[in-house]
Amino acid sequence: MAKNKNKNPWTSWIPAVLTVVAVYFGRSIFTQRQFITICVLGTIVCVIGFFATSKMLLKDKCSKSVLVFNKIIISLGLGCLLGSVMTGFVYTFINRPWFPFWGISLVIGLSLGILFTVKNIRKTKRKGIEILVGIVFSALFMFLASMYISHLNYILDVSDPVTVKTVIVEKDVQRRRKGPDEYMFCVEIHGESFDIKVSYDEYESFQKGDVYSFEKYNGAFGEPFYISK
């Protein structure tokens, strides 16, 4: 029985290119909360769709529509992941607790990393390499879990904001060869210093020592976060 030669989902880069373009322009079309919500939900849907189509790809007979769908799902999933990472610093957490952020993230990361290691260590004699890869995957899964839990704490929050005033300790600009520069204020909140992203207009309007206002939200999981006004 002839095997399907088109099982590689990376044979076409068109969906990937279109997804990157959509992510780039999506940030300017949607509000911050809408964009993060789309990225989080999109990632979940794409992961489910990927595993569903991957089982079909393992069979000898597989329709072209499934192959195309698999490529699109992978591209959209990576695009949503990219969007989630890009928006990981649009809000600032203060005094992040052990639970649920790092506690749940640690459990998810270790569980998936151990599962990945056990599944692959039986198929190879290079036990040390598989264990090292498992550790790397554990750290990656823990980072992703923490990021998405943080996003959910933000997008599911329905609390009314409270205005917080603080003093600008330092001003900083991060120059980039590609893409726009990032403008930062170092502010002090609850005795701790934090770097907050601001717009160019805000960066030029405020000076070191000026009072700067933030909006504080309680967070869906009880972890407060701050957004510049």
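Everything below is about the structure printed above this text.
Residues numbered from 1 in each chain as written. Predicted model: local features only at pLDDT ≥ 70, side-chain atom pairs only at ≥ 80, totals over all residues. Heavy atoms only, no water.

A. Main features of the environment of Cys186. Considering the arrangement of structural elements, one finds Cys186 in strand β3 (residues 182-189). Setting aside its immediate chain neighbours within four residues, Cys186 contacts Val167, Ile168, Val169, Glu170, Ser193, Phe194 and Asp195. (Helix = DSSP H or I, 4+ residues; strand = E, 2+ residues; numbered from the N terminus. Contact = heavy atoms within 4.5 Å.)

B. Seen up close, the environment of Gln174. By secondary structure assignment, the location of Gln174 is in strand β2 (residues 162-174). On the basis of relative accessible area, Gln174 is assigned to the partly exposed category, the value being 34%. Between the C-alpha atoms of Gln174 and Met184, which are 10 residues apart in sequence, the distance is 7.9 Å. Look past the residues within four positions of Gln174 in its chain and what remains in contact with it is Asp181, Glu182 and Met184. (Buried < 20%, exposed > 50% of the residue type's maximum accessible area, 1.4 Å probe, protein only.)

C. Structural context of the packing of helix α3 (residues 64-86) against helix α5 (residues 127-155). Interaxial distance between α3 and α5 falls to 10 Å at its minimum, and their mutual angle equals 70 degrees. In terms of orientation, α3 lies roughly perpendicular with respect to α5. Taking contact as the criterion, the partners of Cys80, Leu81, Ser84 and Val85 in α3 are, on α5, Leu144, Met147, Tyr148 and His151. Across the contact of α3 with α5, the residue classes tally to six nonpolar, two polar and no charged. (Axes fitted to C-alpha atoms, helices over the stretch in contact; angles between N-to-C directions. Parallel < 35°, antiparallel > 145°, perpendicular 65-115°, else oblique. Nonpolar A, V, L, I, M, F, W, Y, C, P; charged D, E, K, R; others polar.)

D. Summary view of the packing of aromatic side chains. Enumeration according to the criterion identifies 11 aromatic pairs in this entry. Relative to Phe141, the ring of Phe137 has its centre 5.7 Å away and its plane inclined at 55 degrees; by these criteria the two rings are tilted. You can see Phe137 and its partner Phe141 sitting in helix α5, four residues apart, about one turn around the helix. The exposure class assigned to Phe137 is partly exposed, which follows from its relative accessible area of 28%. A ring pair is formed by Tyr212 and Phe214, whose centres lie 5.0 Å apart and whose planes are at 85 degrees; its orientation type is edge-to-face. Residue Tyr212 is classed as buried on the basis of its relative accessible area, which comes to 2%. For Phe214, a relative accessible area of 0% puts it in the buried group. (Phe/Tyr/Trp six-rings, centres within 6.5 Å; stacked < 30°, edge-to-face > 60°.)

E. Inspection of the environment of Phe51 at higher detail. Looking at where Phe51 falls in the secondary structure, it is placed in helix α2 (residues 32-57). Each C-alpha atom, one on Phe51 and one on Asn70, is 9.3 Å from the other, the two residues being 19 residues apart in sequence.

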